[in-house]
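Structure assessment
The residues making up each chain are set out below.
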Amino acid sequence: MKPYDILIVGGGVIGTAVARELSKYKIKIALLEKEVELAFGVSKSNSGIIHPGTQTPPRSLKGRLCLAGNRLLRSWAQELGVHFKEVGELIVAFREEERAVLQRIQQDAESLGVLGLKIVDRAWLAEHEPNLNPEVKAALYAPSAGIVSPYRLVYDLAENAQQNGVDLFLQHPVSAIRPGRGYFEVVSSGSTVFRARVVINAAGLYADEVARLVGIQDIVIHPRKGEEYLLDKKRENLTRHLLFPLPTPTSKGILIIKSSDGNPIIGPTAEPAQSKEDLGTTDAGLAKILASVQKMVPTIQRRDIIAYFAGLRPVAGDDFIIRHEAALPGFINVAGIQSPGLTAAPAIALMVRDLVRTSGLTLAPKRRFQRHRKPSVHLFSRPLSSARALVRKDPAYGDIVCRCELVSAREIRDAIQRGARTLDGIKFRTRAQAGRCHGGFCTTRIMKILAEELGQPPEALTKRGPGSEIIAKSRDHDPA
Amino acid sequence: MKKRLTCIACPQSCLLEAEVEDNRVRSISGNKCPQGEIYARQEIENPLRVLTTTVRSPGLEVKLIPVRTDRPLPKHRLQEAIQAAHKIKITRPVRAGDVLADNFLSLQVKLIATRTAK
Amino acid sequence: MTRPDLVIVGAGPAGMAAALAARDQGVRDILLLERDQHLGGILNQCIHPGFGLHQFKQDYTGPEFADQYIREVEAAPEITVSLRTFAARFAPDKTLTCLRPGRVDAIRARAVIFATGCRERTREMIPIPGTRPAGVFPAGLAQKMMNLEGLLPGRTVVIAGSGDIGLIMARRLTLEGARVQAVIELQAESRGLARNVVQCLEDFSIPLHCRHRITRIHGQNRVEKVSVAAVDDDLRDRPGTAFDIPCDTVLISVGLIPENELLEMAGAAMDLKANTPVVRELGVTSLPGVFVAGNAGNIYDLVDSVTRDSERVGQKAEAYLRGVA
Ligand SMILES: Cc1cc2nc3c(=O)[nH]c(=O)nc-3n(C[C@H](O)[C@H](O)[C@H](O)COP(=O)(O)OP(=O)(O)OC[C@H]3O[C@@H](n4cnc5c(N)ncnc54)[C@H](O)[C@@H]3O)c2cc1C
């Protein structure tokens, strides 16, 4: 029996943001994640946009948390050493009549509290967004939109939470929760039992299933699929802003996104998914996306695409569900965290902190909270001149493993020491294999480093956890 | 019995038709040159293939040394030959061309290293 | 800052042949940069025969063909070889920024030959829809795993593309104990040599489905199957022809792309569709004193033609150096 004050279920951006926030207080916290690594759920496959608040109904919870999150994320990013860039967004209108729609979006967003909005005309657009289709008549400009690397945010949140005492349990799916008097017993991986006074359900797509473990039936998650396609980094300067079409009733539409790694992203679609594992992309999805973004920026070509993925939005009604269950004191649900959940994460963490207080747990601030995290080093994000100093410090920075993205052996080892266990985990942390050759050149080298650092044979290595072994057999074991 | 096969003696890739009896070629048609006939006879009566694979080389600068046979061997023994090669281990430096097995599988073919490694 | 007369980036057959030819013409200070730990480039993993029939009148394997050049390069005092050296940046003034373990160097050459080879087209470039499980490999990566690392990538395999690399991998996998279920080819016939169709597919009764495409990859964690459909002459799916093939591995062998990101970085005129520099004549890029050789210049079928042409590029580099001297 492992005793904790707080147990968080789910290691996505919500679970880790909550863990980091609560690690400021004198309490014992555990975070349980079913996958081999953090950020392998919804938080790995999204657009990475820190929304300004133009896309959410003004009186909704998600609207309020989006705005607050957008503001908070700036200081969080700085403390954690996560790269956040304020690039601004443009919602574009092709017809003069649509100006009225832009004005309505502006009014709604302003009533929510979004600052700096303005409607810009053709001349402004020609100067500030040169590749935009000249037929765009006007756009709503929201300067406070930004971008972040979603998975690196999660890893850095978790690392900082761990620095401040949070215990992390990976490959720990929660399978049963038994309410006791003033505490919960949480069963994971068949036999391990945790005990905690407060349980926070941040299980993303599976938050309804976790809620059902304690008999809560009114949360039902309908996954909505979004396919996204990444373009070659050579097209980094395709646009200067995030480009949005006019929104439809169900979605923000298909966007042209700047990513913090440099590759533009086009997408996402918004279609009901077959299941919570339905992560396939489709010919139809690609065709739809291309047609739609080429309308905004005609120079985008199919051959610019170097990668793609599909993500599932955990939709449970129109809004986020964030509540302390009065009938089950100590149980807090954070469910239905669809877009803009990434943006809202820091604000959600504060809201959950307040709910924890309501539940009766005393939160006394730690005297020594370590606010800052030592940033990871990425060669690709620096000018090469500064690489010289790095290489002098550690020769392995000069040992390039991934040539497309310029990732060194030292960064790969560093990623593993910080928790990477799989090829995908290394990719998300370092970008190795994320470039145009897609690991064609570097996969075997990364496997060697991974095998060495983890002390595992090559056939035990996986792409993203058990069942995704990379190879079938190694000759190392052939009889002599 | 008729057998059809593509001649690979040159890039013309003639489509050959052979009349075969008891695994012997009686006649050939479709070939544009005499090479076709030689190829078809060999390929039907006693098909031969050069084997290329790798042998392990623990301790050398590369994990595996590529090898080949100096002459082709009967096609139906390729699989067996691969298995035998898998059992070989080299621990001393080799040069491309070094003979690793003289009478490999008693087939009167040599197994030759095709890469130099220290 | 070192300032050699001629820097050659890439020590595969093209780079080595160019270096030797430039040396033969009298260039005395040649620096040959190679990212890998060994000379030879892609030939090291091409352990099958079929190399050198023109150049050497011999049926060599890839490593044997490479060995002819490696021995000469290693013996040449005019050629300095720098292994594990990655050229990361190239500026219009012909300065290369190179990283290797423990060092970052700026190298300003009087002439440069890019012999950087090519990369494989990926699943993502076709693009094949579906999930993204483990078990989807570019064919060349699978070849490297098997022939250099002794790793068997999978047990039941479908190969997309019937060029020579795809065919050769079909045989290689079969001989090493995997089962190749099928080769799927979009075109009306194999793009590989007849000899390879016979000896790599027919020898092992591996079906070749021409005018077909993989329409979807299935599997959560590891590949479970692919869906395949026949296509018409305009490459559109033919209704009612779809079927599934169970497999745990998909090899992608659908062509090669020249690697010229460094040339592009320095502003050389590029043919962006082919990803090659625009050349006035063989090997001569739009940047004075900057040349391209081998598969970086265009994709060759035969290594014999690569070394033949690369020798000419090496000679042109020498002529350029003589002209500006
Ligand atoms: C296509 C797409 C684009 C998006 N774009 C944006 C955007 O640009 N900006 C933005 O702000 N938002 C965006 N979002 C929304 C954002 O990605 C999500 O709101 C956010 O990632 C949700 O995080 P989470 O932590 O709730 O979920 P997850 O990241 O899914 O985390 C939940 C975790 O719980 C684990 N878990 C589940 N069940 C159990 C169990 N029983 N025991 C233990 N662990 C369990 C899961 O494995 C998972 O790791 C997008 C979403 C999608 C799908």
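Above this note sits the structure.
Reference entry: report on the structure contained in this document. Note that the structure is a prediction, hence the values are computed from the model and not measured. (Residues numbered from 1 in each chain as written. Chains lettered and ligands numbered in written order. Predicted model: local features only at pLDDT ≥ 70, side-chain atom pairs only at ≥ 80, totals over all residues. Heavy atoms only, no water.)

**So, the overall build of chain A**
- Across its full length, chain A carries twelve helices and 23 strands.
- Taking 480 residues into account, the globule formula puts the C-alpha radius of gyration at 23 Å, and chain A, at 23 Å, falls close to it.
- By principal-axis analysis of the C-alpha atoms, chain A measures approximately 65 × 65 × 45 Å.
- Scored against the burial criterion, the 480 residues of chain A give a buried share of 63%.
- In chain A, the share of contacts with a sequence separation of at least 24, taken over all contacts with a separation of at least 6, comes to 72%.
- Accessible area for chain A stands at about 18,300 Å²; split by element, carbon and sulfur atoms hold 51% of it.
- Chain A carries 67 positive and 50 negative side-chain charges, and their two centres are separated by 4 Å. (Helix = DSSP H or I, 4+ residues; strand = E, 2+ residues; numbered from the N terminus. Rg over C-alpha atoms; globule rule 2.2 N^0.38 Å. Buried < 20%, exposed > 50% of the residue type's maximum accessible area, 1.4 Å probe, protein only. Contact = heavy atoms within 4.5 Å. Areas by Shrake-Rupley, 256 points an atom, 1.4 Å probe, with all protein chains shown as cover. Lys, Arg positive; Asp, Glu negative; His and termini not counted. Charge placed at Lys NZ, Arg CZ, Asp CG, Glu CD.)

**A short note on the overall build of chain C**
- Each helix and strand in chain C was counted, giving seven helices and 23 strands.
- For 325 residues, the compact-globule formula gives about 20 Å, and the C-alpha radius of gyration of chain C, at 21 Å, lands near that figure.
- Seen through its C-alpha atoms, chain C measures out along the principal axes to roughly 70 × 40 × 40 Å.
- Taking contacts inside chain C between residues at least 6 apart in sequence as the whole, the part at least 24 apart equals 62%.
- Counting every atom, chain C has about 12,100 Å² of accessible surface; 49% of that belongs to carbon and sulfur.
- For chain C, the separation between the mean place of its 37 positive charges and that of its 39 negative charges on side chains is 4 Å.

**Comments concerning the side chain of C:Thr95**
All names here are of chain C.
- Residue placement: Thr-95 occurs in strand 7 (residues 95–100).
- Among the residues examined, Thr-95 registers a relative accessible area of 12% and is labelled buried.
- Side chain to side chain, Thr-95 and Asp-93 meet in a polar contact 2.8 Å long. (Polar contact = N/O pair within 3.5 Å; in protein donor to acceptor, adjacent residues only side chain to side chain.)

**Points about the site of the ligand**
All names here are of chain A.
- In the vicinity of the ligand, 39 residues are found, and the nearest of them are Glu-33, Ser-43, Ile-49, Ile-337 and Thr-343.
- A distance of 3.1 Å separates a nitrogen atom of the ligand from a polar atom in the backbone of Ser-47.
- Of all the secondary-structure elements, those providing two or more residues to the shell around the ligand are helix 1 (13–22), strand 13 (222–231), strand 18 (305–315) and helix 8 (341–358).
- Each residue belonging to the shell around the ligand can be placed in one class, and the counts come to 16 nonpolar, 18 polar and five charged. (Near = heavy atom within 4 Å. Nonpolar A, V, L, I, M, F, W, Y, C, P; charged D, E, K, R; others polar.)

**Focus on unusual backbone geometry**
- The peptide bond linking A:Gly267 to A:Pro268 adopts the cis configuration, its omega dihedral lying at -5 degrees.
- Within the secondary structure layout, A:Pro268 lies in the loop between strand 16 (265–267) and strand 17 (271–272).
- With omega at -20 degrees, the peptide bond leading from C:Ile126 into C:Pro127 counts as cis.
- Tracing the sequence through the fold places C:Pro127 in the loop between strand 10 (118–120) and strand 11 (136–138).
- Even without a glycine there, the phi angle at B:Ser13 is positive, about 50 degrees.
- Mapped onto the elements of the fold, B:Ser13 is located in the loop between strand 1 (2–6) and strand 2 (15–21).

**Topic: the interface of chain A and chain C**
- Across the boundary between the two partners, chain A contributes 50 residues, which contact 54 residues of chain C.
- Counting the surface lost from both chain A and chain C, the interface buries some 4,500 Å², and carbon and sulfur atoms represent 54% of this.
- On the chain A side of the interface with chain C, the three residues burying the most area are A:Tyr308, A:Leu384 and A:Arg403, jointly 15% of the side's total.
- The interface formed by chain A and chain C holds six salt bridges in total. (Buried area = accessible area lost by both parts, 1.4 Å probe. Salt bridge = Lys/Arg side-chain N within 4 Å of Asp/Glu carboxyl O.)

**Quick notes on empty space enclosed by the protein**
- One pass over the structure, following the stated rule, counts six cavities of 30 Å³ or more.
- Approximately 820 Å³ is the volume attributed to the largest cavity.
- Lining of the largest cavity is provided by 42 residues; of these, A:Lys427, A:Gln433, A:His438, A:Lys463 and C:Arg132 occupy positions nearest its centre.
- Contributions of two or more residues to the lining of the largest cavity are made by helix 5 (150–163), strand 18 and helix 11 (423–430) of chain A together with strand 11 of chain C.
- Quantified by volume, the second largest cavity comes out at close to 130 Å³. (1 Å grid on protein atoms, 1.4 Å probe; cavity = no way out; pocket = protein on both sides within 12 Å on 5 of 7 lines; lining within 4 Å. Points joined across faces, edges and corners; volume = space filled by probe spheres on them.)

**A closer look at the pattern of salt bridges**
- The tally for this structure, following the rule as stated, stands at 78 salt bridges over all chains.
- The partner of B:Glu17 in a salt bridge is B:Lys2, and the shortest N-O contact between them spans 3.9 Å. On the criterion of sequence distance, the pair formed by B:Glu17 in strand 2 and B:Lys2 in strand 1 is long-range, its members being 15 residues apart.
- Given the relative accessible area of 25%, B:Glu17 is considered partly exposed.
- Judged by its relative accessible area of 56%, B:Lys2 is exposed.
- A cluster of three or more residues bridged by salt bridges with shared partners is formed by A:Lys234, A:Arg403, C:Arg119, C:Glu259, C:Glu261 and C:Glu264.

**Things to note about the packing of aromatic side chains**
- Inspection of every chain in the model, using the stated rule, returns 14 aromatic pairs over all chains.
- Taking the centre distance of 5.0 Å and the plane angle of 45 degrees together, the rings of A:Trp124 and A:Tyr141 count as tilted. One end of the pair, A:Trp124, is in helix 4 (residues 122–128); the other, A:Tyr141, is in strand 7 (residues 138–142), with 17 residues separating them in the sequence.
- In this structure A:Trp124 comes out as buried when scored by relative accessible area, which is 16%.
- Classification of A:Tyr141 by relative accessible area gives buried; the value is 16%.
- With a centroid separation of 6.1 Å and 70 degrees between ring planes, the pair formed by C:Phe56 and C:Tyr69 is classed as edge-to-face. You can see C:Phe56 sitting in the loop between strand 3 (49–51) and strand 4 (60–61) and its partner C:Tyr69 sitting in helix 2 (residues 62–75), a full 13 residues away along the chain.
- Accessibility expressed as a relative area gives 5% for C:Tyr69, which makes it buried.
- One aromatic cluster in this structure is built from C:Phe56, C:Tyr60, C:Phe65 and C:Tyr69.
- Across from the ring centre of A:Tyr206, 4.4 Å away, lies the NZ or CZ of A:Lys34, which sits over that ring.
- Here the guanidinium or amino end of A:Arg195 rests over the ring plane of A:Tyr183, the centre of that ring lying 3.6 Å away. (Phe/Tyr/Trp six-rings, centres within 6.5 Å; stacked < 30°, edge-to-face > 60°. Lys NZ or Arg CZ within 6 Å of the ring centre and 35° of its normal.)

**Some details on the pairing of strand 6 (residues 86–90) of chain C**
Residues and elements named next belong to chain C.
- In terms of residue burial, strand 6 counts as a mostly covered element, since four of its five residues are buried.
- With four bridges joining them, strand 6 and strand 7 adopt antiparallel strand pairing. Paired with Arg-89 across the strands is Thr-97, a residue of strand 7.
- With antiparallel pairing between neighbouring strands as the criterion, strand 6 and strand 7 make up a hairpin whose turn holds four residues, including Lys-94 at a positive phi of roughly 65 degrees. (Pairing = 2+ DSSP bridges.)

**Some details on the sheet that holds strand 8 (residues 99–101) of chain B**
All names here are of chain B.
- With respect to topology, four strands assemble into an open sheet ordered 5-6-9-8, the strand pairing being antiparallel. Strand pairing shows two members of the sheet lacking a second neighbour, strand 5 (52–56) and strand 8, which therefore form its edges. Neighbour to neighbour, the strand axes of the sheet diverge by 40 degrees on average, direction disregarded.
- Examined bridge by bridge, strand 5 and strand 6 (residues 64–69) share five bridges and lie antiparallel to one another. Across the sheet, the residue bridging to Thr-54 is Pro-66, located in strand 6. (Axes fitted to C-alpha atoms, helices over the stretch in contact; angles between N-to-C directions.)

The values reported here are purely geometric and, on their own, carry no functional implication.
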